[in-house]
Amino acid sequence: MPRPLLTSLYRDDRTDRPIVTVGEQSMHKEDLLLAGAAVADRIAGAKIVAIDATAGIDTVIAVVGCLLAGVTAVPVPSDSGIAERRHILADSRAELWIGPRHDDLTIVSLTVDSNARSSATYPEPDPNLPALIIYTSGTTGSPKGVVVSRRAIAACLDSVAQAWQWNAEDTLVQGLPLFHIHGLILGVLGALRIGSPLVHTVRPDPKRYAAAAGTLYFAVPTVWSRVCADPVSARILAGARLLVSGSAPLPIQVFEGLRELTGIAPIERYGMTETLITVSTRYDGERRPGWVGLPLDGVRTRLRTEAGELAPHDGKTLGQLEISAPTLFDGYLDQPDKTAEVTTGDGWFSTGDIAVIDAEGFHRIVGRESVDMIKSGGYRIGAGEVEQALLEHPAVVEAAVIGVHDADLGQRIIAYVVGDTVDQPELIDFVATNLSIHKRPREIRVVDHLPKNAMGKIQKKILAQQHHT
Ligand code: MLC
Ligand code: AMP
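Residues numbered from 1 in each chain as written. Chains lettered and ligands numbered in written order. Predicted model: local features only at pLDDT ≥ 70, side-chain atom pairs only at ≥ 80, totals over all residues. Heavy atoms only, no water.

### Comments concerning the side chain of Thr 344
- Positionally, Thr 344 belongs in the loop between helix H10 (336-341) and strand E19 (349-357).
- One polar contact links Thr 344 to Asp 346, side chain to side chain, over a distance of 2.5 Å.
- Once residues lying within four places of it in the same chain are set aside, the contact partners of Thr 344 are Arg 302, Glu 322 and Ser 350. (Helix = DSSP H or I, 4+ residues; strand = E, 2+ residues; numbered from the N terminus. Polar contact = N/O pair within 3.5 Å; in protein donor to acceptor, adjacent residues only side chain to side chain. Contact = heavy atoms within 4.5 Å.)

Encoded structure:
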């Protein structure tokens, strides 16, 4: 039988402490296993189940239940609006919904009973089965379902555990959303595989991080920047073993600020929903501000120039980063053409990130190939998806969305719209309620016309320049 994905739940050591705490609710591992089995009993027979991934213990139990039963889980963003949720449910063909009922749901729903226990045992499912389908934005169109296998998750967690010397003596603290790989795969499944207790703070707030007294902390750069802005909380983190940053570039001043306030140089790691975590600095290795480190165990990387040639690893030649790894996704759900677009002929994945690699193998992520892929607060947001949502509003004739530098969020979404009767707060709300709250533009600029080239294509570079002048 394969090794269980959630290995630590089957070990009878360290049963004296909860394995998971989310907010005020805690569970020991034997209870989590029995509560997960109770969910597994109720969903048996389904292939794909959607979970309202609100940050709470119920979400953890629901995901564990799906993984025990070998059912593919689709974590639905807790702030999803109507149109986004409808798209995710229809596209994934989820048969059941675990979470509070919504009026627009057309499938059977059930809620987790965190007090339910089942003694049913489930044989470990085939590692090649899809564990999760995570929806993520492309440059255009609606979010695509990224199919992530159990095998890929196991490989990712084992390689990061090795690089960070992450072990059962660590207490992990994080408060990230439970519908992305950072908060869910690394931050929940990692703890359950390794057996290091997780304290999830519901929100990634500096004061809550400080109060949680962990040894290992995960956050996106926006959160680390807010930690630096709260020196009292930051200094409390000095007792930790590791502070890990990922999901977006960690500004050098935030790296230095953390080092100054806590005495700890943060670990930077690089990843993507489609590849999981692939490059990282190591617990016992160099931590260089602005650089994300070395490929993890089992990962190979290479750079491809615009001319299509392999770039030298000289620390200065830019290229598109390509990855070969056991952690790669199985493809975009039902979209073999889109999967083919990001896969090279010899099976490598093209990340769309521009990077350099130096002679020692250290990687620096320089930026994204496309301006239409925005990272705001660590969330990946496709400009096309927000433009599409804006165009659904009757007052909007044309729309162009860009990401501009923001000291807090990394990038902030600005929408340029053409239309006579545009009410700006109403339009922001319209995107928040249809798409999701974190995809809303932070600012709307009403213009007479959008800059276009001779082919009629909107010139976003000009909009970005105008913003900075
Ligand atoms: C504001 N709010 C609105 C609103 N305007 N609500 C509805 N409609 C509107 N028009 C409310 C929100 O509900 C919320 O309320 C509050 O305003 C703030 O919301 P926000 O703007 O979203 O919060 P913000 O401060 O911007 O969030 C920062 C953040 C967040 C860092 C906490 O961006 C975050 O959690 N980021 C993590 C993203 C992440 O995990 N990415 C990993 C991707 S995986 P209230 O009351 O709820 O506060 C990946 C791969 C890898 O990248 O390598 O890891
Ligand atoms: P997502 O698909 O939400 O998983 O986002 C993946 C993207 O986040 C990558 O393609 C990068 O652009 C970005 N990213 C993740 N980690 C880092 C990092 N440490 N430094 C720079 N960019 C990062």
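What follows continues from the structure just given.
### Re the packing of helix H4 (residues 150-164) against helix H5 (residues 181-194)
- Close contact between H4 and H5 brings their axes to 10 Å; oriented N to C, the two are set at 80°. Our classification of the angle between H4 and H5 gives roughly perpendicular. On H5, the residues that touch Ile 153, Ala 154, Leu 157, Asp 158, Val 160, Ala 161 and Trp 164 of H4 are Ile 185, Leu 186, Leu 189, Gly 190, Arg 193 and Ile 194.
- For the contact of H4 with H5, a count of residues per class yields 10 nonpolar, 1 polar and 2 charged. (Axes fitted to C-alpha atoms, helices over the stretch in contact; angles between N-to-C directions. Parallel < 35°, antiparallel > 145°, perpendicular 65-115°, else oblique. Nonpolar A, V, L, I, M, F, W, Y, C, P; charged D, E, K, R; others polar.)

### Overview of the site of ligand 2
- In the neighbourhood of ligand 2, 16 residues make up the surrounding shell, with Arg 269, Thr 273, Asp 353, Arg 368 and Arg 380 lying closest.
- Here Thr 273 contributes a side-chain N or O atom positioned 2.8 Å from an oxygen atom of ligand 2.
- Between Arg 380 and ligand 2, the recorded distance is 2.3 Å, taken from a side-chain N or O atom to an oxygen atom.
- When ligand 2 sits alone it has 500 Å² of accessible area, and the protein chains cover 94% of it.
- Of all the secondary-structure elements, those providing two or more residues to the shell around ligand 2 are strand E13 (267-272) and strand E20 (363-368).
- The dominant element in the shell around ligand 2, judged by the number of residues it contributes, is E13, at 5 residues.
- When its residues are assigned to classes, the shell around ligand 2 shows 6 nonpolar, 4 polar and 6 charged. (Near = heavy atom within 4 Å. Areas by Shrake-Rupley, 256 points an atom, 1.4 Å probe, with all protein chains shown as cover.)

### Re the packing of helix H2 (residues 57-69) against H5
- Across the interface, H2 lies against H5 with an axial gap of 12 Å and an inter-helix angle of 70°. For the element pair H2 / H5, the angle class is roughly perpendicular. Along its contact with H2, which presents Val 60, Val 63, Val 64 and Leu 67, the element H5 presents Leu 184, Val 188, Leu 189 and Leu 192.
- Residue composition of the contact of H2 with H5, grouped by class: 8 nonpolar, no polar and no charged.

### Looking at the domain arrangement of the protein chain
- Partitioning the protein chain into structural domains gives domain 1 (7-203), domain 2 (266-368) and domain 3 (377-467).
- Taken over C-alpha atoms, the centre of domain 1 sits 33 Å from the centre of domain 3.
- In this assembly, 17 residues from domain 1 lie in contact with 16 residues from domain 3.
- Its largest share of buried area at the contact with domain 3, domain 1 owes to Asp 79, Glu 84 and Ser 137, together 42% of the area lost on that side. (Domains from an automatic or database assignment. Buried area = accessible area lost by both parts, 1.4 Å probe.)

### Points about the site of ligand 1
- The environment of ligand 1 is formed by 23 residues, the closest being Arg 203, Ser 247, Arg 269, Lys 375 and Asp 429.
- Contact between ligand 1 and Gly 377: a nitrogen atom at 2.8 Å from a main-chain N or O atom of the residue.
- A distance of 3.1 Å separates an oxygen atom of ligand 1 from a polar atom in the side chain of Arg 442.
- Taken by itself ligand 1 offers 1,100 Å² of open surface, and the protein chains cover 71% of this.
- Counting only elements with at least two residues in the shell around ligand 1, the list comes to H5, helix H7 (221-228), E13 and helix H12 (424-434).
- Here the residues of the shell around ligand 1 are counted per class, giving 9 nonpolar, 7 polar and 7 charged.

### Digging into the pattern of salt bridges
- Counted under the stated rule, the structure contains 30 salt bridges.
- One salt bridge connects Lys 439 with Glu 385, and the closest N-O pair in it is separated by 2.8 Å. Linking Lys 439 in the loop between H12 and strand E25 (443-446) with Glu 385 in helix H11 (residues 383-391), this pair joins segments that are 54 residues apart in sequence.
- Its relative accessible area of 5% is what places Lys 439 among the buried residues.
- The partner of Arg 412 in a salt bridge is Glu 443, and the shortest N-O contact between them spans 3.1 Å. Within this pair, whereas Arg 412 is found in strand E24 (residues 410-418), its partner Glu 443 is found in strand E25, the two being separated by 31 residues in sequence.
- According to the relative accessible area criterion, Glu 443 is partly exposed, its value standing at 24%. (Salt bridge = Lys/Arg side-chain N within 4 Å of Asp/Glu carboxyl O. Buried < 20%, exposed > 50% of the residue type's maximum accessible area, 1.4 Å probe, protein only.)

### Let's talk about the side chain of His 363
- Mapped onto the secondary structure, His 363 falls in strand E20.
- On the basis of relative accessible area, His 363 is assigned to the buried category, the value being 1%.
- Polar contacts involving the side chain of His 363 include one to the main-chain carbonyl oxygen of Gly 361, which spans 2.8 Å.
- Aside from chain neighbours lying at most four places away, what touches His 363 is Val 279, Trp 291, Val 292, Gly 293, Pro 295, Thr 301, Leu 321, Val 356 and Ile 357.

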